[in-house]
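Spelled out from the first residue to the last, the chains are:
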Amino acid sequence: MRKLPPLRALQVFETAARQQHFSKAAAELCITQSAVSHQVRVLEEYFGEQLFDRQGRKLQLTPKGQSLFIELERIFNELSDLNLKIRDTPNQQLCLAVYSSFAVKWLIPRLADFRRQYPSVKIRLEMITQDPDLSTSTADIFIAGKLNQRGYWQQLLHKERLIPVCSPSFYPKWRDINLSNFQQQALLIVDEGPLGLDWHKWSSAHQIPLNNEQQHIFSHIVMAIEAAIAGQGLALAPDFMVAGDISTGRLVAVNLPDVHTGFEFSFICKQRRLTEPAIAAFSSWLKSQA
(Lines give C-alpha, C1' and ligand atoms only; values in the text may rest on other atoms or scores of the structure.)
Protein backbone atom coordinates (compact mmCIF):
# COMPACT_ATOMS: atom_id res chain seq x y z
CA MET A 1 0.00 0.00 0.00
CA ARG A 2 1.30 3.41 -0.96
CA LYS A 3 2.11 5.80 1.86
CA LEU A 4 1.02 9.25 0.66
CA PRO A 5 1.07 12.68 2.28
CA PRO A 6 -2.33 14.27 3.00
CA LEU A 7 -3.63 14.96 -0.51
CA ARG A 8 -5.80 17.97 0.35
CA ALA A 9 -2.82 19.60 2.06
CA LEU A 10 -0.72 18.98 -1.06
CA GLN A 11 -3.33 20.71 -3.24
CA VAL A 12 -3.53 23.71 -0.91
CA PHE A 13 0.26 23.95 -0.65
CA GLU A 14 0.68 23.85 -4.45
CA THR A 15 -1.83 26.65 -4.87
CA ALA A 16 -0.24 28.80 -2.16
CA ALA A 17 3.25 28.22 -3.61
CA ARG A 18 2.08 29.07 -7.13
CA GLN A 19 0.26 32.20 -6.01
CA GLN A 20 2.97 33.09 -3.45
CA HIS A 21 0.13 34.40 -1.32
CA PHE A 22 -2.18 32.69 1.16
CA SER A 23 -5.16 34.98 0.54
CA LYS A 24 -4.93 34.53 -3.26
CA ALA A 25 -4.72 30.79 -2.75
CA ALA A 26 -7.80 30.94 -0.52
CA ALA A 27 -9.71 32.85 -3.20
CA GLU A 28 -8.74 30.31 -5.90
CA LEU A 29 -9.76 27.35 -3.74
CA CYS A 30 -12.87 29.04 -2.30
CA ILE A 31 -11.75 28.51 1.29
CA THR A 32 -10.62 30.84 4.07
CA GLN A 33 -7.07 32.11 4.51
CA SER A 34 -6.91 30.41 7.91
CA ALA A 35 -7.81 27.12 6.21
CA VAL A 36 -4.88 27.58 3.83
CA SER A 37 -2.55 28.24 6.77
CA HIS A 38 -3.88 25.18 8.57
CA GLN A 39 -3.35 22.85 5.60
CA VAL A 40 0.20 24.16 5.08
CA ARG A 41 0.95 23.51 8.77
CA VAL A 42 -0.45 19.98 8.40
CA LEU A 43 1.98 19.33 5.55
CA GLU A 44 4.93 20.88 7.39
CA GLU A 45 4.20 18.71 10.43
CA TYR A 46 3.90 15.63 8.22
CA PHE A 47 7.29 16.20 6.60
CA GLY A 48 8.91 17.74 9.64
CA GLU A 49 10.18 20.51 7.38
CA GLN A 50 9.43 24.21 7.03
CA LEU A 51 8.08 24.82 3.53
CA PHE A 52 7.67 28.61 3.61
CA ASP A 53 9.77 31.43 5.03
CA ARG A 54 7.31 33.95 6.43
CA GLN A 55 8.62 37.49 6.83
CA GLY A 56 5.62 39.69 7.60
CA ARG A 57 3.42 39.62 4.52
CA LYS A 58 6.24 38.31 2.35
CA LEU A 59 6.00 34.61 1.52
CA GLN A 60 8.95 32.70 0.13
CA LEU A 61 9.53 29.00 -0.42
CA THR A 62 12.34 27.28 1.45
CA PRO A 63 14.65 25.03 -0.60
CA LYS A 64 12.59 21.99 0.51
CA GLY A 65 9.37 23.83 -0.29
CA GLN A 66 10.66 24.78 -3.74
CA SER A 67 11.57 21.16 -4.53
CA LEU A 68 8.14 19.97 -3.42
CA PHE A 69 6.36 22.68 -5.42
CA ILE A 70 8.22 21.88 -8.67
CA GLU A 71 7.22 18.22 -8.46
CA LEU A 72 3.64 18.91 -7.38
CA GLU A 73 3.10 21.42 -10.19
CA ARG A 74 4.24 18.80 -12.71
CA ILE A 75 2.05 16.11 -11.17
CA PHE A 76 -1.08 18.28 -11.00
CA ASN A 77 -0.54 19.46 -14.57
CA GLU A 78 -0.30 15.85 -15.73
CA LEU A 79 -3.44 14.97 -13.79
CA SER A 80 -5.28 17.87 -15.43
CA ASP A 81 -4.18 16.73 -18.88
CA LEU A 82 -5.16 13.14 -18.08
CA ASN A 83 -8.58 14.28 -16.91
CA LEU A 84 -9.25 15.99 -20.24
CA LYS A 85 -7.89 13.00 -22.17
CA ILE A 86 -10.01 10.42 -20.34
CA ARG A 87 -13.13 12.56 -20.61
CA ASP A 88 -12.28 13.27 -24.27
CA THR A 89 -13.17 16.92 -23.77
CA PRO A 90 -10.36 19.18 -25.03
CA ASN A 91 -10.71 22.69 -23.71
CA GLN A 92 -12.38 24.80 -26.39
CA GLN A 93 -13.11 27.73 -24.07
CA LEU A 94 -10.19 30.02 -23.34
CA CYS A 95 -9.87 32.97 -21.00
CA LEU A 96 -7.49 35.59 -22.42
CA ALA A 97 -6.02 38.24 -20.12
CA VAL A 98 -5.12 41.20 -22.32
CA TYR A 99 -4.30 44.88 -21.96
CA SER A 100 -7.44 46.93 -22.49
CA SER A 101 -5.69 49.24 -24.99
CA PHE A 102 -4.43 46.28 -27.04
CA ALA A 103 -7.86 44.66 -26.94
CA VAL A 104 -9.86 47.73 -27.94
CA LYS A 105 -7.56 49.12 -30.63
CA TRP A 106 -6.10 45.94 -32.15
CA LEU A 107 -7.56 42.61 -31.03
CA ILE A 108 -11.34 43.13 -30.94
CA PRO A 109 -11.58 44.49 -34.53
CA ARG A 110 -9.86 41.27 -35.70
CA LEU A 111 -11.67 38.70 -33.54
CA ALA A 112 -14.44 38.18 -36.11
CA ASP A 113 -11.83 36.68 -38.42
CA PHE A 114 -10.68 34.26 -35.71
CA ARG A 115 -14.27 33.21 -34.96
CA ARG A 116 -14.88 32.64 -38.66
CA GLN A 117 -11.84 30.36 -38.92
CA TYR A 118 -12.32 28.59 -35.58
CA PRO A 119 -16.04 28.74 -34.73
CA SER A 120 -15.78 26.05 -32.01
CA VAL A 121 -13.21 28.00 -29.94
CA LYS A 122 -14.73 30.47 -27.50
CA ILE A 123 -12.57 33.35 -26.25
CA ARG A 124 -13.44 35.23 -23.07
CA LEU A 125 -11.56 38.51 -22.63
CA GLU A 126 -10.34 39.66 -19.22
CA MET A 127 -9.07 43.23 -19.41
CA ILE A 128 -5.88 44.07 -17.47
CA THR A 129 -4.08 47.38 -16.91
CA GLN A 130 -0.74 45.97 -15.78
CA ASP A 131 1.26 42.78 -16.19
CA PRO A 132 -0.77 39.99 -14.58
CA ASP A 133 0.20 37.06 -12.39
CA LEU A 134 0.85 34.21 -14.79
CA SER A 135 -1.46 31.60 -13.32
CA THR A 136 -4.32 29.42 -14.50
CA SER A 137 -6.42 31.14 -11.86
CA THR A 138 -5.95 34.38 -13.82
CA ALA A 139 -6.39 33.12 -17.39
CA ASP A 140 -5.51 30.35 -19.83
CA ILE A 141 -3.57 32.64 -22.17
CA PHE A 142 -2.16 36.17 -21.95
CA ILE A 143 -1.18 39.17 -24.05
CA ALA A 144 1.14 41.18 -21.83
CA GLY A 145 4.70 42.41 -21.50
CA LYS A 146 7.74 40.18 -21.70
CA LEU A 147 7.67 38.33 -18.36
CA ASN A 148 10.10 35.39 -18.79
CA GLN A 149 8.49 33.10 -16.21
CA ARG A 150 9.57 29.49 -15.86
CA GLY A 151 7.27 27.05 -17.61
CA TYR A 152 5.71 29.69 -19.90
CA TRP A 153 6.18 30.17 -23.64
CA GLN A 154 6.25 33.63 -25.24
CA GLN A 155 5.62 34.81 -28.79
CA LEU A 156 6.55 38.39 -29.67
CA LEU A 157 3.65 40.28 -31.27
CA HIS A 158 4.74 43.92 -31.43
CA LYS A 159 7.53 46.18 -30.25
CA GLU A 160 5.98 49.44 -29.10
CA ARG A 161 6.74 52.46 -31.28
CA LEU A 162 4.83 55.66 -30.51
CA ILE A 163 4.00 57.99 -33.37
CA PRO A 164 2.41 61.47 -33.17
CA VAL A 165 -1.13 61.49 -34.61
CA CYS A 166 -4.07 63.87 -34.89
CA SER A 167 -7.37 64.21 -36.67
CA PRO A 168 -7.28 65.73 -40.19
CA SER A 169 -9.75 68.30 -38.86
CA PHE A 170 -7.53 69.32 -35.93
CA TYR A 171 -5.23 71.47 -38.00
CA PRO A 172 -6.28 72.28 -41.57
CA LYS A 173 -2.63 72.24 -42.63
CA TRP A 174 -1.64 69.20 -40.54
CA ARG A 175 0.98 68.30 -43.12
CA ASP A 176 2.76 71.51 -42.12
CA ILE A 177 3.11 70.58 -38.43
CA ASN A 178 6.82 70.18 -37.73
CA LEU A 179 9.44 70.84 -35.06
CA SER A 180 9.33 74.58 -35.67
CA ASN A 181 5.62 74.98 -34.94
CA PHE A 182 4.32 71.91 -33.05
CA GLN A 183 4.67 73.75 -29.72
CA GLN A 184 1.71 75.85 -30.80
CA GLN A 185 -0.49 72.74 -30.82
CA ALA A 186 -2.41 71.14 -27.97
CA LEU A 187 -0.83 67.95 -26.62
CA LEU A 188 -2.87 64.97 -25.44
CA ILE A 189 -0.67 63.45 -22.74
CA VAL A 190 -1.01 59.99 -21.20
CA ASP A 191 0.01 59.62 -17.55
CA GLU A 192 1.49 56.12 -17.34
CA GLY A 193 1.88 56.18 -13.56
CA PRO A 194 5.38 55.10 -12.47
CA LEU A 195 6.53 55.24 -16.11
CA GLY A 196 5.75 58.95 -16.34
CA LEU A 197 4.11 61.10 -19.03
CA ASP A 198 4.43 59.87 -22.60
CA TRP A 199 5.08 63.25 -24.26
CA HIS A 200 7.69 64.04 -21.59
CA LYS A 201 9.51 60.80 -22.48
CA TRP A 202 9.31 61.81 -26.15
CA SER A 203 10.75 65.23 -25.23
CA SER A 204 13.61 63.66 -23.26
CA ALA A 205 14.40 61.12 -26.00
CA HIS A 206 14.74 63.82 -28.67
CA GLN A 207 16.02 66.67 -26.47
CA ILE A 208 13.09 68.81 -27.58
CA PRO A 209 11.51 71.07 -24.94
CA LEU A 210 7.73 71.09 -24.49
CA ASN A 211 6.50 74.66 -24.29
CA ASN A 212 2.97 73.85 -25.43
CA GLU A 213 0.53 75.94 -23.39
CA GLN A 214 -2.31 73.45 -23.94
CA GLN A 215 -1.58 70.06 -22.37
CA HIS A 216 -4.49 67.75 -21.63
CA ILE A 217 -3.72 64.71 -19.48
CA PHE A 218 -5.42 61.31 -19.70
CA SER A 219 -5.00 58.18 -17.61
CA HIS A 220 -5.30 55.78 -20.54
CA ILE A 221 -3.97 55.68 -24.10
CA VAL A 222 -7.39 54.77 -25.55
CA MET A 223 -8.88 58.01 -24.18
CA ALA A 224 -6.02 60.04 -25.69
CA ILE A 225 -6.51 58.35 -29.06
CA GLU A 226 -10.26 59.03 -28.99
CA ALA A 227 -9.57 62.67 -28.04
CA ALA A 228 -7.22 62.93 -31.03
CA ILE A 229 -9.91 61.48 -33.32
CA ALA A 230 -12.29 64.11 -31.91
CA GLY A 231 -9.86 66.82 -33.04
CA GLN A 232 -8.62 67.91 -29.61
CA GLY A 233 -4.86 67.75 -30.18
CA LEU A 234 -1.76 65.67 -30.87
CA ALA A 235 -1.47 62.24 -29.27
CA LEU A 236 1.33 59.69 -29.12
CA ALA A 237 0.02 56.24 -30.03
CA PRO A 238 1.47 52.80 -30.79
CA ASP A 239 1.73 52.62 -34.57
CA PHE A 240 0.02 49.22 -34.90
CA MET A 241 -2.91 50.30 -32.70
CA VAL A 242 -3.80 53.29 -34.87
CA ALA A 243 -3.05 51.72 -38.26
CA GLY A 244 -6.78 51.13 -38.81
CA ASP A 245 -7.72 54.68 -37.82
CA ILE A 246 -5.07 56.05 -40.19
CA SER A 247 -6.20 53.85 -43.09
CA THR A 248 -9.82 55.03 -42.67
CA GLY A 249 -8.82 58.70 -42.39
CA ARG A 250 -9.90 59.14 -38.77
CA LEU A 251 -6.30 59.94 -37.87
CA VAL A 252 -3.20 61.09 -39.70
CA ALA A 253 0.44 60.54 -38.83
CA VAL A 254 2.15 63.87 -38.16
CA ASN A 255 5.62 64.65 -39.50
CA LEU A 256 7.32 64.52 -36.09
CA PRO A 257 9.85 62.01 -34.68
CA ASP A 258 8.63 58.72 -33.27
CA VAL A 259 9.92 57.07 -30.10
CA HIS A 260 10.61 53.44 -29.23
CA THR A 261 9.62 52.68 -25.66
CA GLY A 262 11.35 49.32 -25.35
CA PHE A 263 8.07 47.69 -24.34
CA GLU A 264 7.09 44.46 -26.12
CA PHE A 265 3.62 42.95 -26.44
CA SER A 266 3.84 39.16 -26.24
CA PHE A 267 1.45 36.24 -26.40
CA ILE A 268 2.08 34.01 -23.37
CA CYS A 269 0.82 30.58 -22.36
CA LYS A 270 2.01 27.59 -20.39
CA GLN A 271 4.63 25.63 -22.34
CA ARG A 272 2.84 22.33 -21.73
CA ARG A 273 -0.44 23.67 -23.14
CA LEU A 274 0.93 24.80 -26.50
CA THR A 275 -0.31 21.65 -28.20
CA GLU A 276 -3.89 22.01 -26.99
CA PRO A 277 -5.97 22.50 -30.17
CA ALA A 278 -7.66 25.73 -29.05
CA ILE A 279 -4.45 27.38 -27.83
CA ALA A 280 -2.48 26.19 -30.87
CA ALA A 281 -5.19 27.66 -33.13
CA PHE A 282 -5.19 31.02 -31.35
CA SER A 283 -1.38 31.20 -31.31
CA SER A 284 -1.20 30.43 -35.03
CA TRP A 285 -3.89 32.99 -35.82
CA LEU A 286 -2.14 35.68 -33.75
CA LYS A 287 1.12 35.05 -35.58
CA SER A 288 -0.64 35.54 -38.92
CA GLN A 289 -2.10 38.86 -37.74
CA ALA A 290 0.93 40.41 -36.01
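Thresholds applied
- Residues numbered from 1 in each chain as written.
- Predicted model: local features only at pLDDT ≥ 70, side-chain atom pairs only at ≥ 80, totals over all residues.
- Heavy atoms only, no water.
- Axes fitted to C-alpha atoms, helices over the stretch in contact; angles between N-to-C directions.
- Helix = DSSP H or I, 4+ residues; strand = E, 2+ residues; numbered from the N terminus.
- Parallel < 35°, antiparallel > 145°, perpendicular 65-115°, else oblique.
- Left-handed = near helix turned anticlockwise from the far one by under 90°.
- Contact = heavy atoms within 4.5 Å.
- Nonpolar A, V, L, I, M, F, W, Y, C, P; charged D, E, K, R; others polar.
- Phe/Tyr/Trp six-rings, centres within 6.5 Å; stacked < 30°, edge-to-face > 60°.
- Domains from an automatic or database assignment.
- Buried area = accessible area lost by both parts, 1.4 Å probe.
- Salt bridge = Lys/Arg side-chain N within 4 Å of Asp/Glu carboxyl O.
- Core = buried A, V, L, I, M, F, W, Y, C linked by side-chain atoms within 4.5 Å.
- Buried < 20%, exposed > 50% of the residue type's maximum accessible area, 1.4 Å probe, protein only.

## Thoughts on the packing of helix H5 (residues 100–117) against helix H9 (residues 277–289)
Stage number 1. It is at 11 Å that the axes of H5 and H9 come closest, and there the two elements cross at 125°. Classified by the angle between their axes, H5 and H9 sit oblique to one another. When the axes of H5 and H9 are compared, the crossing they make is right-handed. Every residue of H9 that contacts H5 at Trp106, Leu107, Arg110, Leu111, Asp113, Phe114 and Gln117 is listed here: Ala281, Phe282, Trp285, Leu286 and Gln289.
Stage number 2. Classifying every residue of the contact of H5 with H9 gives eight nonpolar, two polar and two charged.

## Details of the packing of aromatic side chains
Stage number 1. Counting across every chain of the model gives 20 aromatic pairs.
Stage number 2. Judged by centre distance (6.0 Å) and plane angle (90°), the rings of tyrosine 99 and phenylalanine 265 are edge-to-face. With tyrosine 99 in strand S3 (residues 93–99) and phenylalanine 265 in strand S11 (residues 259–270), this residue pair connects regions lying 166 residues apart in the sequence.
Stage number 3. Plain terms: the ring middles of phenylalanine 142 and tyrosine 152 are 6.5 Å apart, the flat faces sit at 70° to each other, and that makes the pair edge-to-face. With a gap of 10 residues between them, phenylalanine 142 in strand S5 (residues 141–144) and tyrosine 152 in strand S6 (residues 152–166) connect regions that are remote in the sequence.

## Things to note about the domain arrangement of the protein
Accessible area lost upon the coming together of the parts is a frequently used measure of interface size.
Stage number 1. Per the domain assignment, the segments of the protein are domain 1 (7–87), domain 2 (93–158 + 265–289) and domain 3 (159–263).
Stage number 2. Relative to domain 2, the C-alpha centre of domain 1 lies at a distance of 26 Å.
Stage number 3. Each side of the interface is counted separately: domain 1 has nine residues, and domain 2 has seven residues.
Stage number 4. Summing both sides of the interface, domain 1 and domain 2 together bury roughly 700 Å²; the carbon and sulfur share of this comes to 29%.
Stage number 5. In this assembly, domain 1 and domain 2 are joined by one salt bridge.
Stage number 6. Here arginine 150 ties to glutamate 73 by a salt bridge, and the two come within 3.5 Å at their closest N and O atoms.

## Quick word on the nonpolar core
In a soluble, globular protein the nonpolar side chains are often hidden away together inside.
Stage number 1. Residues Phe102, Leu107, Phe267 and Phe282 are the most contacted members of the largest nonpolar core, which totals 35 residues.
Stage number 2. At the level of elements, S3, H5, strand S4 (122–128), S5, S6, S11 and H9 are the ones that each hand at least two residues to this core.
Stage number 3. With sequence-adjacent residues up to four places away left out, phenylalanine 267 is seen in contact with Ile141, Phe142, Ile143, Trp153, Gln154, Gln155, Leu157, Ile279, Phe282, Ser283 and Leu286.
Stage number 4. Of all hydrophobic cores here, the second largest spans 20 residues; its members include Ala9, Phe13, Leu43 and Leu61.

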